[in-house]
Amino acid sequence: MKISGNAILITGGTSGIGLEFAIQFLERDNTVIITGRDQHKIEEARKRVPEAHIFQSDVSDVRAIPLLFHEVIQKFPKLNVLINNAGIMRKINLARDEEQKDLQDISREIETDLVGPIRMVQQFLPHLKRQENAAIVNVSSGLAFVPLPIAPIYCAAKAGLHSFTQSLRVQLKGTKIKVFELAPPMTQTPLFAGDMRAGDVKGVRMMDVSRMVNAAIQGLAEDRLEIRPGKSNMLKLMSRVAPQFILNRLSKA
Ligand SMILES: NC(=O)c1ccc[n+]([C@@H]2O[C@H](COP(=O)([O-])OP(=O)(O)OC[C@H]3O[C@@H](n4cnc5c(N)ncnc54)[C@H](OP(=O)(O)O)[C@@H]3O)[C@@H](O)[C@H]2O)c1
């Protein structure tokens, strides 16, 4: 895909990978629109990327998606790229009763990381079909190929997003929309500053976020439909050639 002159909507663009995408796409002369929930993060992002247009919106809220769509399309009728990036990741131990989440809470990653992108695609698809050079980029994870068992719901959501993206690509084959999947490796972002900690996955060196996003944009420019920077490539390979070995390794966390 062309990597300048686009109007790009990035969900979860107020932090980490989404924010870095905003920075690097702005440097390449794109119009960038980002979303997020937290007002404080929105204010911080406004300072970091004053040229970006920011909308407060929760991708896991079914009512928020059409509202976001109408607001964004009214202001940016040429919007041609959707990056489904917003995501959350939690450590959940299903074996420990005291850690059991309630039924609403247990599937939060599914709502945000899987259902959110599916609904965003459904909502934005008719508009994207009418654009030249349209693209959808779903941000999954290297953990879409093999799970890290301490984050079972997250990994299930990302595996689901990987599968959904493959089907979407087949179904949109006759259209002008390119469907990409970015499967980042462990990357230095605030995702590992809360419930999850870098130390939870021992022996894995985190990728620098600006290098990761630079590699991702390079992949988009080269029309690589499944972009697996750094260790993600190895995770996919291992999930094929030695699936039990790599699962055992990730089970040590
Ligand atoms: N970092 C990694 O190692 C890594 C590896 C593989 C894949 N990924 C994926 O990359 C994506 C970005 O992660 P990150 O590492 O950049 O994490 P991050 O720094 O925590 O950023 C997550 C972004 O998503 C937003 N967000 C979370 N829930 C949202 C919701 N319901 N609606 C709208 N926005 C929401 C957050 O803002 P608010 O909290 O204010 O909403 C924030 O802007 C995620 O999909 C993640 O799974 C990350």
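Details of the structure are given in the entry above.
Residues numbered from 1 in each chain as written. Predicted model: local features only at pLDDT ≥ 70, side-chain atom pairs only at ≥ 80, totals over all residues. Heavy atoms only, no water.

## Brief notes about the overall build of the protein
If you tally the helices and strands in the protein, you get 9 helices and 7 strands. Computed over the C-alpha atoms, the radius of gyration of the protein is 18 Å, within 12% of the 18 Å expected from 2.2 N^0.38 for a compact globule of 253 residues. C-alpha extents for the protein along the principal axes are approximately 50 × 35 × 30 Å. By the burial criterion, 51% of the 253 residues in the protein qualify as buried. In the protein, 68% of the contacts between residues at least 6 apart in sequence involve partners at least 24 apart. Accessible surface computed for the protein: about 12,400 Å², of which carbon and sulfur atoms make up 51%. Side-chain charges in the protein split into 34 positive and 26 negative, and the spacing between the mean points of these groups amounts to 6 Å. (Helix = DSSP H or I, 4+ residues; strand = E, 2+ residues; numbered from the N terminus. Rg over C-alpha atoms; globule rule 2.2 N^0.38 Å. Buried < 20%, exposed > 50% of the residue type's maximum accessible area, 1.4 Å probe, protein only. Contact = heavy atoms within 4.5 Å. Areas by Shrake-Rupley, 256 points an atom, 1.4 Å probe, with all protein chains shown as cover. Lys, Arg positive; Asp, Glu negative; His and termini not counted. Charge placed at Lys NZ, Arg CZ, Asp CG, Glu CD.)

## Description of the sheet that holds strand β3 (residues 53-56)
Pairing in this open sheet of 7 strands is parallel, and the strands run β3-β2-β1-β4-β5-β6-β7 from one edge to the other. This sheet does not close on itself; its edge strands, each paired only once, are β3 and β7 (226-227). Contacts between helix α3 (residues 64-75) and the sheet are confined to β1 (7-10), β2 (31-36) and β3, with β3 contributing the most and set at about 160° to the helix. (Pairing = 2+ DSSP bridges. Axes fitted to C-alpha atoms, helices over the stretch in contact; angles between N-to-C directions.)

## Concerning the environment of Q218
Relative to the assigned elements, Q218 resides in helix α7 (residues 209-221). Sequence separation between Q218 and M1 is 217 residues; the distance between their C-alpha atoms is 9.9 Å.

## Some words on the side chain of T165
When you line up the elements, T165 lands in helix α6 (residues 152-171). Contacts of T165, omitting those with residues within four sequence positions, involve N138, V179, F180 and E181.

## With respect to unusual backbone geometry
Phi is mostly negative for residues that are not glycine, and the peptide bonds are mostly trans. Of note, N133 is a non-glycine position whose phi angle comes to about 55°, a positive value. Within the element layout of this structure, N133 appears in the loop between α5 (108-129) and β5 (135-139). N133 sits in the partly exposed class, given a relative accessible area of 44%. At D223, a residue that is not glycine, the phi angle is positive and equals roughly 60°. Here D223 is to be found in the loop between α7 and β7. For D223, a relative accessible area of 34% translates into the label partly exposed.

## Regarding α7
Compared with the 18 Å implied by 1.5 Å per residue over 13 residues, the 18 Å span of α7 between its first and last C-alpha is a close match. Taken residue by residue, α7 has V209, M212, V213, A216, I217, G219 and L220 as its buried positions. Along the axis of α7, the buried residues cluster in a sector spanning 155°; they form a single face. Of the surrounding elements, those touching the buried residues of α7 are α1 (16-27), β5, β6 (178-182) and β7. (Expected span 1.5 Å × (residues − 1). Arc of directions from axis to C-beta.)

## Some points on the site of the ligand
Taken together, 32 residues surround the ligand, and among them S15, R37, K41, Y154 and T189 come closest. Isolated, the ligand exposes 870 Å² of accessible area, and the fraction of that covered by the protein chains is 96%. Broken down by secondary-structure element, the contributors of at least two residues to the shell around the ligand are α1 and α6. Each residue belonging to the shell around the ligand can be placed in one class, and the counts come to 12 nonpolar, 15 polar and 5 charged. (Near = heavy atom within 4 Å. Nonpolar A, V, L, I, M, F, W, Y, C, P; charged D, E, K, R; others polar.)

## What about α3?
Taking 1.5 Å as the rise per residue, α3 with 12 residues should run 16 Å; its terminal C-alpha atoms sit 17 Å apart, in good agreement. If you check which residues of α3 are buried, you get A64, I65, L68, F69, V72 and I73. For α3, the angular spread of buried residues about the axis comes to 145°, placing them on one side. Facing away from the buried side of α3 by more than 90 degrees, the exposed set consists of L67, H70 and Q74. Buried-residue contacts for α3 involve β1, β2, β3 and α5.

## A closer look at the pairing of strand β4 (residues 81-84)
Residue alternation in β4 divides its side chains into two sets, V81 and I83 and L82 and N84, and both sets are buried. Note: β1 against β4, 3 bridges, orientation parallel. Bridge pairing in β4 links I8 to V81.

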